[in-house]
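Take a look at the letters that make up each chain.
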Amino acid sequence: MDKWPKPLREDCFMYIHDSLLRRWPVLKGASTGCQRALCVRLQRFTLCPGDMIYHAGDCVGEIYFVIRGHVKVIKNTTLIGILTSGDVFGESFWPTRTGRKSKASVQAITYCEFEVLSHKSLNEILIMFPDYWDIWTDKIKISYELSTNDNNVFTKDTPDELVKYVENERTAAPIKSPQKDSRKGSRSQAILL
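What you see is a predicted model, and the numbers here were worked out from it, not measured in a lab.

> Sorry if this is basic, but what is going on with the sheet that holds strand β9 (residues 144-145) here?
What links the strands of a sheet is backbone hydrogen bonding, and the strands pair in either a parallel or an antiparallel sense. Taken in spatial order, the five strands of this open sheet run β1-β8-β3-β6-β9, and their pairing is mixed. In this open sheet, the two strands that pair with only one neighbour each are β1 (43-47) and β9. Bridge count for strand β6 (residues 88-90) against β9 is two bridges, and the pairing is parallel. Bridge pairing in β9 places Gly 90 opposite Glu 145.

Below is the structure:
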């Protein structure tokens, strides 16, 4: 596609990323020209169960939009949350802030599909479309920022069956379930083998 004319490439990428543009307000609110430029820079990834997306200590330079699947967030061998379709994780972009480190690991639980926007690509977009900055800062809703010290990602929308499944899943590294869940009060501490 690199040799295709620019408008044709942009049309193809608009078609490929159409569901993302319609689903997330931060992308939906962009002008048509900005959406076309975003679509060319977005990358689509598919990961298998067990694939690591981030390890604690990795430099975070992207924003992940979860299209399909479930990922778990692990901090110090403790399961602190599950992110699913419709969630966004990574690190919010600020032009003056670089080199933030992930304080948690993120691992695919199921087959997952992501749309990924790198900070470098976003910076290019903001240079070309400076009016997009206001839309970006107003409408970006990141479910979990990897550089935060937040220890609980569980929400009231996380299905109980999914939480139980992940807590009982056998993994290579032992994972402790959280002691407190904001939805149900306290939860007994268990170590999974």
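> Please explain the packing of aromatic side chains as it appears in this structure.
Each aromatic ring pair is specified by the distance between its two centres and by the angle formed by the two planes. All told, the structure shown has six aromatic pairs when counted by the stated rule. Summarising the aromatic geometry, the rings of Trp 24 and Phe 65 are spaced 5.2 Å apart at their centres and angled 70° between planes, so their arrangement reads as edge-to-face. One end of the pair, Trp 24, is in the loop between α2 (18-23) and α3 (25-28); the other, Phe 65, is in strand β3 (residues 62-68), with 41 residues separating them in the sequence. For Trp 24, a relative accessible area of 7% puts it in the buried group. Looking at Phe 65, the relative accessible area reads 0%, which means it is buried. Seen from their ring centres, Phe 89 and Phe 114 are 6.0 Å apart, and the 85° between their planes marks the pair as edge-to-face. Of the two residues, Phe 89 is situated in strand β6 and Phe 114 in strand β8 (residues 112-118); the sequence distance between them amounts to 25 residues. Under the relative-accessibility criterion, Phe 89 is labelled buried at 0%. Taken together, Tyr 54, Tyr 64, Phe 89 and Phe 114 form an aromatic cluster joined through their ring pairs.

> What am I meant to see in the packing of helix α4 (residues 32-41) against helix α5 (residues 119-128) here?
It is the contact of α4 with α5, at a shortest axis distance of 10 Å, that shows an interaxial angle of 160°. In this view, α4 runs roughly antiparallel relative to α5, as classed from their interaxial angle. The crossing of α4 and α5 is right-handed. Along its contact with α4, which presents Cys 34, Ala 37, Leu 38 and Arg 41, the element α5 presents Ser 121, Glu 124, Ile 125 and Met 128. Here the contact of α4 with α5 is built from residues that sort into five nonpolar, one polar and two charged.

Scoring rules and cut-offs
- For every chain, the first residue of the written sequence is number 1, and numbering continues from 1 along that sequence.
- Under the rules for a predicted model, residues below a pLDDT of 70 receive no local features and side-chain atom pairs below 80 are neither given nor counted, while totals for whole chains, interfaces and linings still include all residues.
- Side-chain figures throughout are based on the complete set of non-hydrogen atoms in the structure, without hydrogens or water.
- Strands are treated as partners if at least two bridges between them are detected by DSSP.
- Here a helix means four or more residues in a row that DSSP labels H or I, a strand means two or more in a row labelled E, and each is numbered from the N terminus.
- Within 6.5 Å between ring centres, the rings of Phe, Tyr and Trp (the latter by its six-membered ring) count as paired, and their orientation is classed by plane angle as stacked under 30 degrees, edge-to-face over 60, tilted in between.
- A 1.4 Å probe rolled over the protein chains alone gives each residue an accessible area, and that area as a share of the maximum for its type sets the label: buried under 20%, exposed over 50%, partly exposed in between.
- To obtain an axis, a line is fitted to C-alpha atoms, over the contacting stretch when the element is a helix, and the angle between two such axes runs from 0 to 180 degrees between their N-to-C directions.
- Any angle from 65 to 115 degrees is called roughly perpendicular, while one under 35 is roughly parallel, one over 145 is roughly antiparallel, and all others are oblique.
- In this scheme the handedness of a crossing depends on how the near helix is turned from the far one: anticlockwise by less than a right angle means left-handed, clockwise means right-handed.
- Residue contacts are counted whenever heavy atoms from the two residues lie within 4.5 Å of one another.
- Ten residue types, Ala, Val, Leu, Ile, Met, Phe, Trp, Tyr, Cys and Pro, are classed as nonpolar, four, Asp, Glu, Lys and Arg, as charged, and the remainder, Gly among them, as polar.

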